[in-house]
Amino acid sequence: MNSQTSNRSFDAVLLDLDGTLMDTIPDLAHATNAMRVDLDLPALPQAQIATYVGKGVDNLIHRALSADLNGQAPSQDLFAQGRKSFYRHYHVVNGTKSVLFDGVLTGLQTMRDMGLRMAVVTNKPAEFTLPLLERTKIADFFQAVVCGDTLEQKKPHPAPMLHACTLLQSHPDRTVAIGDSINDALSARAAGCTVLAVPYGYNEGQSVQTLDVDDIVDTIEAAARWVATH
């Protein structure tokens, strides 16, 4: 753990969505494979699609169309067809199979009881994020939501984290960011936030042990306890 965080107290918490608060892979995989079927492509294993998640919907579509994490980008025409198909299918299934990870509700309730202001900071577009928060009944925990299309920049750029801090009226030095991927860690670190990672998410198939974070916490409930003791 970074010793510079040891004497801080915190005002706010920024939380990633997919892979941190909830498991959204079943819905994303359904929409992804429905898109591929529309384009006469074979379905992909859900575990493979999970490694494509983390840099926003457009990156997921690019990767799914090439069936490779670092594959050649599809043509503009194919991408446009795929994007239209994916959006249509994802609007239908968004939130139908997504589930909160263990410890999320207790952790959010604990942080709210501590008087912490909270925001979701995600690369998911607002048209999917806001309904998902409502359908999973956690929208009321958050005073702000920064989505992948709120600003011109997305994570790993620091701008979404900084914008969330502004909305919550909290300085980054007094803000904890919690995520599951390299994009969360890079964005939060560049913004000047304290950075926590959960180990169960979608870090493009990589271990969170490799990330530059202040600590790794098993659950959001454990994250709340971490914040309480710092």
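Anything mentioned here points back to the structure above.
So, how was this worked out
- Note that residues are indexed from 1 along each chain, following the sequence as it is written.
- The predicted origin of the model limits local features to residues at a pLDDT of at least 70 and limits the giving and counting of side-chain atom pairs to 80 or more, whereas totals for whole chains, interfaces and linings rest on all residues.
- Hydrogen atoms and water are omitted, and side-chain values are computed over all heavy atoms in the structure.
- Only when DSSP finds a minimum of two bridges between them are two strands counted as paired.
- A run of DSSP states H or I qualifies as a helix once it reaches four residues; a run of E qualifies as a strand once it reaches two. Both are numbered from the N-terminal end.
- In this analysis, two residues are considered to be in contact whenever any of their non-hydrogen atoms come within 4.5 Å of each other.

Draft legend 1. Structural context of the sheet that holds strand β6 (residues 175-179). Taken together, the 6 strands give an open sheet; going across it, the order is β5-β4-β1-β6-β7-β8, and neighbouring strands pair in parallel fashion. Of all strands in the sheet, those bounded by a partner on one side alone are β5 (144-146) and β8 (215-216). Here strand β7 (residues 194-197) runs beside β8; their pairing, made up of 2 bridges, is parallel. Following the sheet pairing, Ala197 is matched in β8 by Ile216.

Draft legend 2. Layout of the side chain of Thr32. The residue Thr32 is located in helix α1 (residues 25-38) in this model. Dropping the residues within four chain positions of it, Thr32 is found in contact with Ile49, Leu60, Ala64 and Phe86.

Draft legend 3. Highlighting unusual backbone geometry. Look at the link from Lys155 to Pro156: it is a cis peptide, with omega at 20°. On the secondary structure map, Pro156 appears in the loop between β5 and α7 (159-168). Look at Asp40: it is not a glycine, yet its phi comes out positive at around 60°. Tracing the sequence through the fold places Asp40 in the loop between α1 and α2 (46-50). Positive phi values are uncommon outside glycine, yet Lys137 reaches one of about 60°. Along the chain, Lys137 turns up in the loop between α6 (126-135) and β5.

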